[in-house]
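# Examining the three-dimensional arrangement
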Amino acid sequence: MKLKIILLIAFLFTTKLFACLRTTQYKTFPIGIINKHIISVDMLIDRSGYLEEKIKSDFSIPKIMWHIASYISVYDTNGKLIYSKLFEKNEIKQKKYITLLQAMYHSSLKSIRRKYPRLTYFKLEYLSFCDFQKKCEILELKKDTLHNKNFLFYKTKKYSINLNRYKKYEKSMLYTNDLSAYLISSVRKYKAKNIEIIVGHLEYGHEISMGWITNNPNKKPKNETDIVIHPKEKKPTFDFSKLENAVYEEPLLHHAYGFDFLITTQVL
């Protein structure tokens with residue numbers, strides 16, 4: 001009986017640790033335009049854990065690993081997905097996934113260049129890390145409570161968004177279908193021909209669910225265990241001027257779900 005209890009505790013302990021590592025990000029990296037179609041490299045990025053065989057025991061702590069699947073996708077000029085084809089799947093047993101992400105992105109980019117020789121490539125115009133806020137320098141997330149719809153506001157114009165496309169990626173209890181619970185992590189801007197694309201990455205995680213993130217500059221921790229996070233938007237410290245350098249590690253909350261949303265506009 002005691003053995004069964006010990007094994008149950010060990011199972012629950014290990015299961016909880018694996019669950020704590022779980023996070024999902026879906027990223028879209030526009031590449032170019034051809035025949036009124038936007039060609040993109042999309043990445044599904046999942047974090048999980050693994051146990052090393054040589055140190056495995058009932059109370060082993062899982063180590064971090066990342067699973068990445070790259071897709072070559074086609075969108076119309078309104079930002080609606082037409083189709084997406086799996087290009088490559090890989091994994092890396094490290095705390096950071098940037099080296100694998102870069103390698104898979106460059107591989108996808110090379111394939112796109114071969115397949116679409118007449119592609120007009122996007123120029124990278126802008127990247128800002130909003131640090132998890134509703135309103136950033138050029139983008140704002142709002143909810144129309146009367147019609148129960150969520151919108152991204154760009155240049156005073158609103159663009160309706162929803163999570164319908166991403167519901168299939170739900171993997172933990174922390175996932176929520178309420179898009180108004182999400183905050184903006186980053187904003188990118190691309191231009192090609194007369195098309196401008198704004199990519200807003202919205203994320204939800206433990207820090208948001210706990211109410212730790214606030215825009216109230218006067219809010220202070222109530223006690224030693226209370227956590228108060230004051231977000232501050234900032235620009236990247238790396239070169240974001242070339243298409244080859246377009247990928248990066250998105251800022252990550254605990255138990256996070258993060259998804260990219262595209263806004264396309266016509267420019268003169």
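Now for a look at the structure at hand.

Rules used throughout
- Residues numbered from 1 in each chain as written.
- Predicted model: local features only at pLDDT ≥ 70, side-chain atom pairs only at ≥ 80, totals over all residues.
- Heavy atoms only, no water.
- Helix = DSSP H or I, 4+ residues; strand = E, 2+ residues; numbered from the N terminus.
- Buried < 20%, exposed > 50% of the residue type's maximum accessible area, 1.4 Å probe, protein only.
- Contact = heavy atoms within 4.5 Å.
- Areas by Shrake-Rupley, 256 points an atom, 1.4 Å probe, with all protein chains shown as cover.
- Salt bridge = Lys/Arg side-chain N within 4 Å of Asp/Glu carboxyl O.
- Core = buried A, V, L, I, M, F, W, Y, C linked by side-chain atoms within 4.5 Å.
- Polar contact = N/O pair within 3.5 Å; in protein donor to acceptor, adjacent residues only side chain to side chain.
- 1 Å grid on protein atoms, 1.4 Å probe; cavity = no way out; pocket = protein on both sides within 12 Å on 5 of 7 lines; lining within 4 Å.
- Points joined across faces, edges and corners; volume = space filled by probe spheres on them.
- Nonpolar A, V, L, I, M, F, W, Y, C, P; charged D, E, K, R; others polar.
- Phe/Tyr/Trp six-rings, centres within 6.5 Å; stacked < 30°, edge-to-face > 60°.
- Lys NZ or Arg CZ within 6 Å of the ring centre and 35° of its normal.
- Pairing = 2+ DSSP bridges.

Turning next to the overall build of the protein. When its secondary structure is counted, the protein shows 3 helices and 12 strands. Out of the 268 residues in the protein, the part that is buried amounts to 47%. In the protein, 68% of the contacts between residues at least 6 apart in sequence involve partners at least 24 apart. Entry remark: accessible area of the protein is about 15,000 Å², with carbon and sulfur atoms responsible for 55%.

Right, let's talk about the pattern of salt bridges for a bit. Following the criterion strictly, the structure yields 9 salt bridges and no others. Where K143 meets D178, a salt bridge forms, and the shortest distance between an N and an O atom there is 3.7 Å. Note that K143 is positioned in strand β7 (residues 140-144) and D178 in the loop between β9 (157-161) and β10 (183-192), a separation of 35 residues in sequence. For K143, a relative accessible area of 32% corresponds to the partly exposed category. Residue D178 is classed as partly exposed on the basis of its relative accessible area of 34%. Between R188 and D260 there is a salt bridge; the shortest N-O distance is 2.7 Å. Of the two residues, R188 sits in strand β10 while D260 sits in strand β12 (residues 257-266), which places them 72 residues apart along the sequence. Residue R188 is classed as buried on the basis of its relative accessible area of 0%.

Attention now moves to the nonpolar core. Core analysis: the largest hydrophobic core is formed by 39 residues, its most contacted members being M43, Y105 and Y190. Sort the elements by how many residues they give to this core and helix α2 (residues 98-115) lands first, with 6 residues. Once you skip the residues sitting within four places of it in the chain, M43 turns out to touch Q25, Y26, K27, F29, I68, A69, S70, L101, M104 and Y105. By size, the runner-up hydrophobic cluster in this structure holds 34 residues, among which are Y71, C136, L163 and I263.

What follows is about the side chain of S73. Relative to the helices and strands, S73 resides in strand β3 (residues 63-76). A polar atom in the side chain of S73 sits 2.9 Å from the side chain of D42. Only 2.7 Å separates the side chain of S73 from the side chain of S84, close enough to count as a polar contact. The residues touching S73, leaving out its near neighbours within four places in the chain, are I38, I39, S40, D42, L81, Y83 and S84.

All right, on to the environment of D42 then. Structurally, D42 can be placed in strand β2 (residues 37-50). In sequence terms D42 and A69 are 27 residues apart; their C-alpha atoms lie 8.3 Å from each other. Only 2.7 Å separates the side chain of D42 from the side chain of Y75, close enough to count as a polar contact.

What follows covers the layout of surface pockets. One number sums up the size of the largest pocket: a volume of about 400 Å³. Lining of the largest pocket is provided by 17 residues; of these, G79, K80, S160, F261 and L262 occupy positions nearest its centre. Broken down by secondary-structure element, the contributors of at least two residues to the lining of the largest pocket are β9 and β12. With 5 residues, the top contributor of residues to the lining of the largest pocket is β12. Grouping the amino acids of the lining of the largest pocket by side-chain chemistry returns 8 nonpolar, 6 polar and 3 charged. Of the volumes computed, that of the second largest pocket is approximately 220 Å³. What lines the second largest pocket is simply R47, I64, W66, K95, K96, Y97, E249, E250, P251 and L252. Classifying every residue of the lining of the second largest pocket gives 5 nonpolar, no polar and 5 charged.

Here we come to the packing of aromatic side chains. Applying the stated criterion to the full structure yields 14 aromatic pairs. The structure contains a cluster of three or more aromatic residues connected by ring pairs, namely Y26, Y166, Y175, Y182, Y204, Y257, F259 and F261. Its end group placed over the ring of F151, K158 keeps NZ or CZ at 4.5 Å from the ring centre. Stacked on the ring of Y126, the Lys or Arg K189 has its end atom at 5.8 Å from the ring centre.

The next thing to look at is the pairing of strand β4 (residues 81-92). Two elements, β3 and β4, share 10 bridges in a ladder whose sense is antiparallel. Directly across from H67, in β4, lies its bridge partner E91. Between β3 and β4, which follow one another and run antiparallel, lie 4 residues, and G79 among them has a positive phi close to 85°.

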